Amino acid sequence: MISVADAYSIVLNNPLVLPTEAIPLVQAAGRVLREPLTADRDLPPFNRVSMDGIAIAYRTWTSGQRQFRVAGAQFAGQPAQTLADETACLEVMTGAMLPAGADTVIRYEDVQITDGVAQIQIDDIKPGQNVHHQATDRKQNEELVPIGTRLGPPEMAVAASVGKATVLVSKLPRIALISTGDELVDVAATPKPYQIRRSNTYLLQTVLQAAGAETVLLHLPDEADTMETDLKTLLTDFDALVLSGGVSAGKADFVPGVMERLGVRQQFHQVAQRPGKPLWFGTSDAGKVVFGLPGNPVSTFLCAYRYLLPWLRASLGLSVVQPSVVRLKRSISFIPKLTYFLPVSLSVSADGIWQAEPLPGSGSADYANLLRCDGFMELPPDRSEFAEGEAFPVYTFR
Ligand SMILES: Nc1nc2c(c(=O)[nH]1)N[C@H]1C(S)=C(S)[C@@H](COP(=O)(O)OP(=O)(O)OC[C@H]3O[C@@H](n4cnc5c(N)ncnc54)[C@H](O)[C@@H]3O)O[C@H]1N2
Ligand code: MOO
Ligand SMILES: [Mg+2]
């Protein structure tokens, strides 16, 4: 049995090596960049007028001039005009190029235009005001967004503005989510008294799709030969397999043995944790990855958040998300020498500090208990009493 830390580093050291694909930017939201985004032009690319008004040469203001003949108008989308007569002004619109010969813009709210003459009505203007000067924000050829960044709203805006009509991203991994167990029936079925509906794969689909993977939900019966035949094909068709069930000590727990026969190298089996002790993890020479999650739903759930999700993020080239550290709202004890992942609900105390209410439920098959929880608090294996006010990492799933 290995520690949580060792299991976690083995999992993170075996990410998928995902190929890249060039896709239209309009389909790329949420995908992970595999090329840097660089500025093809200065940002902004020209001296951009930032207020509707008039443009003048500031030195006329300092010489005492307050009235300006309106010599024309510069609109956004037009090449820059020239203020030929510096004692005149040009009307300018937001987003327009600042006309040559002008350097300062006064808003319409601060001028009175009558019969083609603009009268400035404020006492103080600054040189260069209301102009968003070229290259103020970023310079041409500067790297704006590094490889390994997920394309969120700001990144999509920048990608569009620098002209990335197609963008190189990590191919979405194809992951088979496979429940095992003869007691399990389909969601649409009416279970017999000794059957239950298979819920784990729906939970796993929710976790993985949100993080950026293509998933397919499958089910295998407790038959070693059928499992071996089907899993052999699935290993070819998918980048990774996530099984739930069939990894503990039961006579129908065939996953480890079948994986061995299929040449998937066991990286570890059993972790010193609760829930999730029977966790199995393996890799194949062809670069495929297999998670054998313990079947108890809370165990599947915890292993998905503590191991599978960080692994998917690493495979996509994303950085690791650190858990938040939260104080216990009341003391709790846990005797076994295992890392305990305690279901908790989170709230803010009167003095504005996040706190965690222990909600152990009735154990790792009590998936309904998770409905009132926000995450799992990780309690270390080398002690059994945890006091109110002590702070520990929490893996949130909300
Ligand atoms: N003698 C021992 N027995 C067990 C041990 C052990 O160390 N020694 N480990 C316990 C722990 S911890 C867990 S977790 C479970 C894990 O067992 P398996 O991974 O073999 O899972 P199954 O036996 O197939 O199922 C366990 C439990 O979960 C239910 N289940 C399974 N799949 C689903 C699903 N897709 N949706 C909903 N519920 C599911 C299944 O009906 C069983 O009740 O082993 C303990 N035993
Ligand atoms: O992994 Mo188990 O979930 O502790 O029951
Ligand atoms: Mg079992």
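Everything numeric in this text was worked out from a predicted model, so none of it was measured.

Peer 1: Teacher, can you tell me more about the overall build of the protein here?
Peer 2: Secondary structure assignment for the protein yields 7 helices and 28 strands. The C-alpha radius of gyration computed for the protein amounts to 31 Å, which surpasses the reference 21 Å derived for 398 residues by more than 25%, pointing to a less compact arrangement than a globule. Each principal axis of the C-alpha distribution contributes one length, and for the protein these read about 95 × 50 × 40 Å. Looking at the protein as a whole, 46% of its 398 residues qualify as buried. For the protein, contacts bridging at least 24 residues in sequence account for 69% of all contacts bridging at least 6. When the accessible surface of the protein is split by element, carbon and sulfur atoms take 53% of a total near 18,900 Å². Taking the average location of the 34 positive side-chain charges in the protein and that of its 42 negative ones, the two points are 4 Å from each other.

Peer 1: Which parts of the structure should I look at to understand the UniProt feature "domain: MoaB/Mog" (unreviewed entry) in the protein?
Peer 2: UniProt's entry tags residues 176-314 with the feature "domain: MoaB/Mog" (unreviewed entry), counted in the numbering of this structure. As a span, residues 176-314 carries 37% helix and 27% strand, and end to end its C-alpha atoms are 18 Å apart.

Peer 1: What exactly am I supposed to notice about the pattern of salt bridges here?
Peer 2: Where charged atoms from two side chains of opposite charge approach closely, those side chains can pair. Here the structure, examined in full by the defined rule, presents 16 salt bridges. A salt bridge links K164 to E35, with the shortest nitrogen-to-oxygen separation between them at 3.0 Å. On the criterion of sequence distance, the pair formed by K164 in the loop between α3 (153-161) and β12 (166-170) and E35 in the loop between β1 (20-24) and β2 (37-38) is long-range, its members being 129 residues apart. The exposure class assigned to K164 is partly exposed, which follows from its relative accessible area of 22%. We note a salt bridge from R138 to E142, for which the minimum N-O separation is 3.8 Å. A cluster of three or more residues bridged by salt bridges with shared partners is formed by E21, R31 and K171.

Peer 1: Got a minute to help me understand the site of ligand 2 in this structure?
Peer 2: Surveying the vicinity of ligand 2 reveals the residues R274, P275, G276, K277, P278, N296, S299 and S364. Between an oxygen atom of ligand 2 and a main-chain N or O atom of K277, the distance comes to 3.4 Å.

Peer 1: Looking at this structure, how should I read α3?
Peer 2: Side chains that are three or four residues apart share a direction in an α-helix, a result of its 3.6 residues per turn. Buried residues of α3: E155, M156 and A159, and no others. Within α3, the buried residues cover an arc of 100 degrees as seen down the axis, which keeps them to one side. Residues of α3 that are exposed and point over 90 degrees away from its buried face: P153 and P154. Where α3 is buried, its residues contact β2 and β11 (143-145). One or two positions beyond α3, positive phi appears at G163, with a value near 85 degrees.

Peer 1: I tried to follow the coordination of the magnesium ion (ligand 3) on my own but got confused; where do I start?
Peer 2: Around a metal, the ideal angle is 109.5 degrees if four donors adopt a tetrahedral arrangement and 90 or 180 degrees if six donors adopt an octahedral arrangement. Taken together, D253 (OD) and D253 (OD) make up the full set of protein donors to the magnesium ion (ligand 3), lying 2.4 to 2.5 Å away. Note that D253 resides in the loop between β17 (240-244) and α6 (255-261).

Peer 1: How do you make sense of the site of ligand 1 when you look at a structure like this?
Peer 2: Around ligand 1, the surrounding shell holds 21 residues, and the nearest of these are E183, S199, S248, G295 and N296. At a separation of 2.9 Å, a nitrogen atom of ligand 1 approaches a polar backbone atom of S199. Residue V247 places a main-chain N or O atom 3.1 Å away from an oxygen atom belonging to ligand 1. Relative to its unbound accessible area of 870 Å², ligand 1 is 69% covered by the protein chains. Per-class residue counts for the shell around ligand 1 are 7 nonpolar, 10 polar and 4 charged.

Peer 1: What am I meant to see in the pairing of strand β22 (residues 324-328) here?
Peer 2: Along any regular strand the residues' side chains alternate between the sheet's two faces. The pairing of β22 with strand β28 (residues 391-396) spans 4 bridges and is antiparallel. Residue pairing for β28: V326 is matched across the bridge by F392. Pairing analysis gives 2 bridges linking β22 to strand β25 (residues 354-358), with the strands arranged parallel. Counted as the bridge partner of L328 is A356 from β25.

Peer 1: Looking at this structure, I do not really get the sheet that holds strand β7 (residues 104-107). What am I missing?
Peer 2: Either a parallel or an antiparallel arrangement is found when strands of a sheet pair, and the pairing is made through backbone hydrogen bonds. Judged by pairing direction, the sheet is mixed, and its 6 strands sit side by side in the order β7-β4-β6-β5-β9-β8 without closing on themselves. On the outer flanks of this sheet lie β7 and β8 (111-114), each paired with one strand and no other. If you compare each strand with its neighbour and ignore which way they point, the axes differ by 40 degrees on average. Two elements, strand β4 (residues 53-56) and β7, share 4 bridges in a ladder whose sense is antiparallel. Looking at β7, one finds that I56 is bridged to T104.

Peer 1: I keep staring at the side chain of T180 and nothing clicks. Help me out?
Peer 2: For T180, the location among the structural elements is in strand β13 (residues 174-180). By relative accessible area, T180 is classed as buried at 6%. Within the structure, the side chain of T180 is placed 3.0 Å from the backbone oxygen of S244, a separation counted as a polar contact. At a separation of 3.4 Å, a polar atom in the side chain of T180 contacts the main-chain carbonyl oxygen of G245. T180 has contacts with H219, L220, D222, M227, L243, S244, G245 and G246, leaving out every residue within four places of it along the chain.

Each value, and the rule that gives it
- Residues numbered from 1 in each chain as written.
- Chains lettered and ligands numbered in written order.
- Predicted model: local features only at pLDDT ≥ 70, side-chain atom pairs only at ≥ 80, totals over all residues.
- Heavy atoms only, no water.
- Helix = DSSP H or I, 4+ residues; strand = E, 2+ residues; numbered from the N terminus.
- Rg over C-alpha atoms; globule rule 2.2 N^0.38 Å.
- Buried < 20%, exposed > 50% of the residue type's maximum accessible area, 1.4 Å probe, protein only.
- Contact = heavy atoms within 4.5 Å.
- Areas by Shrake-Rupley, 256 points an atom, 1.4 Å probe, with all protein chains shown as cover.
- Lys, Arg positive; Asp, Glu negative; His and termini not counted.
- Charge placed at Lys NZ, Arg CZ, Asp CG, Glu CD.
- UniProt positions renumbered as here; feature names shortened; annotations may be inferred.
- Salt bridge = Lys/Arg side-chain N within 4 Å of Asp/Glu carboxyl O.
- Near = heavy atom within 4 Å.
- Polar contact = N/O pair within 3.5 Å; in protein donor to acceptor, adjacent residues only side chain to side chain.
- Arc of directions from axis to C-beta.
- Donors = N, O, S within 2.8 Å, 3.2 Å for Na, K, Ca; no water.
- Nonpolar A, V, L, I, M, F, W, Y, C, P; charged D, E, K, R; others polar.
- Pairing = 2+ DSSP bridges.
- Axes fitted to C-alpha atoms, helices over the stretch in contact; angles between N-to-C directions.

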